[in-house]
Amino acid sequence: MPLAHPKRPTHERELALAPLFTLEGERIPRHELSAGEIEPDVAYQIIHDELMLDGNARLNLATFVTTWMEPQAERLMMECFDKNMIDKDEYPQTAELEMRCVSVLGRLWHAPEADEETGCSTTGSSEAAMLGGLALKRRWQQRRSAEGKPTDRPNVVMGINVQVCWEKFANYWDVEMRLVPMDGDRFHLSADTAVELCDENTIGVVAVLGSTFDGSYEPVAEICAALDDLEARTGIDVPVHVDGASGAFVAPFVDPELEWDFRLQRVASINASGHKYGLVYPGVGWIVWRDAEALPEDLIFWVNYLGDNMPTFALNFSRPGAQIVAQYYNFLRLGFDGYRKVHVYARDVATTLSARIEELGPFRLITRGDELPVFAFTLKPEIDNFTVFDVSNAMRERGWQVPAYTFPEKRTDLAAVRVVVKRGFSHDMADLLVNDLKRQLPRLEKQPEPVHDETSATGFHH
């Protein structure tokens, strides 16, 4: 006699079998909870179909964030999604892998020899940068207090090209931002412009190793040398924090002779994004200090949590351990030579692609991708019937996401397109990009020249 299978209630069977489009609109509320449950496969399919409207991450040349990892790394991350890395007593090996990563980075960035590097993981470079800034501010406050001087007017010096996280830092922790504007063809901080803005209230200078505007390195060694001279002349001692969100994972492998890290005595701390050129899916960042003295002890909290008395210094508490495990996988899997090969290839793609775009005729390169594998280009002055924004929109028709944007204060006349080359973007894909750009150019070049109304604010073209 055949076994009788229990039947689900009629309404559940109807819901599971109903065509998906009948579940849209009023039957599936989008901005409030529905009255009852729906089948997991149906819920999956609805969300899956909506997400088809997102861009293809592999064609996203706007983002610095990693969009491809090896399947073995993805499998490890799947196995760790449920691990809260803050529970170091429950997940001691995840905690061990975190500290191994800090040690790897400390040695990679030439931290002074010590029993244990001083640093931690974060949710990304933004959090890591804020921790670095907090340490600078607290060290300055402690020194000023010991000298009997006021501590109510701290400032930090940086180029206007810094990432928005530094504006947040200054705003959240009441630090005056002293921004060096762009000037002519100088698109980032220079040594002389940095020193001009420093005084006894300066908690530090932030030097960016890899500007998000054009991929260029700021001259960290020159900035440090200029600050050495400032101290010799005035006694004002200003430390440097290196925002190495991208470059700290690139320069050690492809520019090993470049001195930007702890080899320079004035560099107190470095932050980096593991989820950028560290080659990990978002989000993980890292902050490493020169030594224990660079991180004031009163910023470290000791928490008795789930059976263990542990130190913590972060803006977040609970975080997934998956990205930390993935970072360690990359360190183990690639080693120094593997990272070097990945980034040398990316730079080769970037410099070759930028040269081919320059050869097309209408474009002028701002950078060539020979520092970070990132480059920016604008239009030549004689091109006045289409803009870089038109170029960006035209490429989006083929699925490419290449951002067009305006440069900041004192160079708002300049608008550019930026291309970020990272792991997963090959020479073959670069060929496809150039071919699609060639297809769009004839249409753009045939556009009529816009009529400008002199009584209104006019835009820019290049």
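Cut-offs applied
Residues numbered from 1 in each chain as written. Predicted model: local features only at pLDDT ≥ 70, side-chain atom pairs only at ≥ 80, totals over all residues. Heavy atoms only, no water. Helix = DSSP H or I, 4+ residues; strand = E, 2+ residues; numbered from the N terminus. Buried < 20%, exposed > 50% of the residue type's maximum accessible area, 1.4 Å probe, protein only. Contact = heavy atoms within 4.5 Å. Areas by Shrake-Rupley, 256 points an atom, 1.4 Å probe, with all protein chains shown as cover. Expected span 1.5 Å × (residues − 1). Bend = angle between axes of the 7 residues up to and from the residue. Pairing = 2+ DSSP bridges. Axes fitted to C-alpha atoms, helices over the stretch in contact; angles between N-to-C directions. pLDDT = per-residue confidence, 0-100. Right-handed = clockwise from strand over helix to strand, strands pointing away. Parallel < 35°, antiparallel > 145°, perpendicular 65-115°, else oblique. Left-handed = near helix turned anticlockwise from the far one by under 90°. Core = buried A, V, L, I, M, F, W, Y, C linked by side-chain atoms within 4.5 Å. Salt bridge = Lys/Arg side-chain N within 4 Å of Asp/Glu carboxyl O.

**Some points on the overall build of the protein chain**
Within the protein chain, the secondary structure is distributed over 12 helices and 13 strands. The 462 residues of the protein chain split such that 50% are buried. Residue pairs at least 24 apart in sequence account for 70% of intrachain contacts in the protein chain once pairs closer than 6 positions are excluded. Total accessible area on the protein chain stands at roughly 22800 Å², and carbon and sulfur atoms take up 52% of it.

**Here we look at helix 10 (residues 322–359)**
Think of an α-helix as 3.6 residues a turn; residues three or four steps apart then line up on the same face. The end-to-end C-alpha distance of helix 10 is 43 Å, clearly below the 56 Å that 38 residues give at a rise of 1.5 Å each. The largest bend in helix 10 comes to about 90°, at Gly335. Looking at the residues trailing helix 10, positive phi occurs at Gly361, about 120°.

**Some details on the sheet that holds strand 12 (residues 404–406)**
Read across the open sheet, the 4 strands follow the order 10-11-13-12; overall the sheet is antiparallel. The open sheet terminates on both sides in strands that have one partner only, identified here as strand 10 (363–365) and strand 12. Neighbouring strand axes in the sheet, compared pairwise and without regard to direction, differ in orientation by 40° on average. Where strand 12 meets strand 13 (residues 415–420), 3 bridges bridge the pair, whose relative direction is antiparallel. Across the sheet, Tyr405 pairs through a bridge with Ala416, a residue of strand 13. In this fold helix 11 (residues 388–396) packs onto strand 10, strand 11 (374–379), strand 12 and strand 13, with an angle of close to 155° to the strand it touches most, strand 12.

**A few points about the confidence of the model for the protein chain**
Per-residue pLDDT for the protein chain averages 90, and the proportion of residues at 70 or more is 89%. For residues 453–462, every residue scores under 50 in pLDDT, and the model assigns this stretch 24 contacts once sequence neighbours within four places are set aside.

**Digging into the pairing of strand 3 (residues 176–180)**
Pairing of strand 2 (residues 155–159) with strand 3, which is carried by 5 bridges, proceeds in the parallel orientation. Bridge pairing links Val157 to Arg178 in strand 3. Handedness of the crossover joining strand 2 and strand 3 through helix 6 (residues 164–172) is recorded here as right-handed.

**As for unusual backbone geometry**
Geometrically, the link from Pro282 to Gly283 is a cis peptide bond, its omega value of 5° lying close to zero. Structurally, Gly283 can be placed in the loop between strand 6 (267–273) and strand 7 (285–289). Non-glycine residue His110 carries a positive phi angle of around 60°. One non-glycine residue with positive phi stands out, namely Asp174, at about 55°. By the element assignment, Asp174 lies in the loop between helix 6 and strand 3.

**What to know about the pairing of strand 13**
Taken across its 6 residues, strand 13 has 6 buried, putting it largely inside the fold. Residues Ala415, Val417 and Val419 point to one face of strand 13 and Ala416, Arg418 and Val420 to the other, with burial holding for every one of them. Bridge count between strand 11 and strand 13: 4 bridges; the pairing is antiparallel. Each residue of the ladder has a partner; that of Ala376, found in strand 13, is Arg418.

**Overview of the packing of helix 10 against helix 12 (residues 427–445)**
Where helix 10 meets helix 12, the closest approach of the two axes is 10 Å, and the angle between their N-to-C directions is 20°. When the axis of helix 10 is compared with that of helix 12, the two are roughly parallel. The handedness of the crossing between helix 10 and helix 12 is right-handed. Contacts between helix 10 and helix 12 involve Tyr345, Asp348, Val349, Thr352, Leu353, Arg356 and Ile357 from the former and His427, Ala430, Asp431, Leu433, Val434 and Leu437 from the latter.

**Describing the sheet that holds strand 3**
Within the open sheet, the 7 strands sit side by side as 1-7-6-5-4-2-3. Their pairing is mixed. Pairing within the sheet leaves two strands with one partner each, and these edge strands are strand 1 (118–122) and strand 3. Taking each pair of neighbouring strands and ignoring which way they run, the sheet shows an average axis angle of 20°. Along the sheet, helix 4 (residues 92–108) contacts strand 1 and strand 7; its crossing angle with strand 7, the most-contacted strand, is approximately 60°.

**With respect to the environment of Ala272**
In this structure, Ala272 sits in strand 6. Residue classification places Ala272 among the buried residues on the basis of a relative accessible area of 0%. For the pair Ala272 and Ala248, spaced 24 residues apart in the sequence, the C-alpha separation amounts to 6.0 Å. Ignoring sequence-local partners within four residues, the contact set of Ala272 consists of Trp109, Ser125, Gly244, Ala245, Ala248, Phe249, Gly285 and Trp286.

**Focus: the nonpolar core**
Among the nonpolar cores identified, the biggest contains 66 residues, and Trp109, Val205, Val220, Leu227, Val240, Trp260 and Val267 are the most heavily contacted of them. Per-element accounting of this core gives the leading share, 10 residues, to helix 10.

**Remarks on the pattern of salt bridges**
Applying the stated criterion across every chain, the model contains 24 salt bridges. Here Arg266 and Asp228 are joined by a salt bridge, their closest N and O atoms 2.7 Å apart. Here Asp228 lies in helix 8 (residues 220–234) and Arg266 lies in the loop between helix 9 (251–254) and strand 6, a separation of 38 residues in the sequence. One salt bridge in this structure joins Asp431 and Arg356, with 2.5 Å as the shortest N-O distance. Of the two residues, Asp431 sits in helix 12 while Arg356 sits in helix 10, which places them 75 residues apart along the sequence. Linked by salt bridges that have partners in common, Asp228, Glu231, Asp237 and Arg266 make up one network.

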